[in-house]
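Structural characterization, general
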Amino acid sequence: MTRILVTGMSGAGKSTLLEELRRRGHDTVDTDYDGWTLPDGSWDEERVSRLLAEPHNVVVSGTVENQVNFYNRFDHVILLSAPLDILLERVRTRRSNPYGQSVSQQAEIRHYVETVEPLLRRGATIELDGTRTPQDLADEVEQLIDGTE
C-alpha cells in the first residue's frame, strides 16, 4: 500500500497530474473538491485519517496548512513546482478552478510562492518539475507507487 501526497502552489499541475493518474486507473483524491476541506481551508482531519487508514494505494493532492500533520502517513510527499510566471499564466487561463483569476488572488499566489513553497519544499521527499508533461509526471509517480524508484 503506497500513499502519496502531491502538493504545491496553485497552477503547478496537481489536478492535471491526478487526472492523468486517474485515467490510468489509480485511486486519487483531490482535496480541493468534494468536502475534504473545512470552512477554514484546513483538511477535515477525521476524513483524511479514514482515507489513509484504508488498505489501498492512493494519491492525494492538496495544499493546506494542516497537511503537515499527515506527512508521517504518506510514503512520499511530492512537491510539484513551476516558475511563478508559469503558475500565474496557468491560473489565469484555466477553466476548471476559478482561483487565481483576480489580481488579488494572483498577488496571494506570489506571496505564497515566497512564504509557503519553501515550507513545502522542506517537508517534501521529492520535488518534480511541474512544467513536464502530465504523462511524464504520471510515469514517475507510478514508479513510486510500484516501489521501483
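Before going into details, it helps to say that this report is about the structure given with it. (Residues numbered from 1 in each chain as written. Predicted model: local features only at pLDDT ≥ 70, side-chain atom pairs only at ≥ 80, totals over all residues. Heavy atoms only, no water.)

Details of the packing of helix H3 (residues 84-93) against helix H4 (residues 103-115)
Contact pair H3 / H4: the axes reach a minimum separation of 11 Å and the direction vectors enclose 150°. Classified by chirality, the crossing of H4 by H3 is right-handed. Contacts between H3 and H4 involve Leu84, Leu87, Leu88, Val91 and Arg92 on the former and, on the latter, Gln106, Ile109, Arg110 and Val113. For the contact of H3 with H4, the residue count by class is six nonpolar, one polar and two charged. (Axes fitted to C-alpha atoms, helices over the stretch in contact; angles between N-to-C directions. Helix = DSSP H or I, 4+ residues; strand = E, 2+ residues; numbered from the N terminus. Left-handed = near helix turned anticlockwise from the far one by under 90°. Contact = heavy atoms within 4.5 Å. Nonpolar A, V, L, I, M, F, W, Y, C, P; charged D, E, K, R; others polar.)

Quick look at the nonpolar core
By size, the foremost hydrophobic cluster in this structure holds 39 residues, and its most contacted members are Ile4, Val6, Leu17, Val59, Val60, Ile78 and Val141. In terms of residues, this core owes the most to one element, helix H6 (residues 134-146), which gives five residues. In contact with Val59, not counting residues within four places along its chain, are Ile4, Val6, Leu18, Leu21, Asp27, Thr28, Val29, Val141 and Ile145. (Core = buried A, V, L, I, M, F, W, Y, C linked by side-chain atoms within 4.5 Å. Buried < 20%, exposed > 50% of the residue type's maximum accessible area, 1.4 Å probe, protein only.)

Some points on the sheet that holds strand E2 (residues 28-30)
Here we have five strands laid out as an open sheet, ordered E2-E3-E1-E4-E5, and parallel in their pairing. With one partner strand each, in any of the chains shown, E2 and strand E5 (126-129) form the two edges of the open sheet. Going from strand to strand, the sheet's axes swing by 20° on average, the running direction of each strand aside. Sheet topology places strand E4 (residues 76-81) next to E5; four bridges connect them, and they run parallel. By the bridge assignment for E5, Leu80 is matched with Leu128. Strand contacts of helix H2 (residues 45-53): strand E1 (3-7), E2 and strand E3 (58-61), with the helix running at about 155° to E3, the strand carrying the most contacts. (Pairing = 2+ DSSP bridges.)

Here we look at H6
Because an α-helix completes one turn every 3.6 residues, residues spaced three or four positions apart along the sequence face the same direction. Relative to the 18 Å expected for 13 residues at 1.5 Å per residue, H6 spans 18 Å between its end C-alpha atoms, a close match to the ideal helical length. Every buried residue belonging to H6 is among Leu137, Ala138, Glu140, Val141, Glu142, Leu144 and Ile145, and all of these are buried. Buried residues belonging to H6 abut E1, helix H1 (14-23), E3, E4 and E5. Positioned one or two residues after H6, Gly147 has a phi angle of 75°, which is positive. (Expected span 1.5 Å × (residues − 1).)

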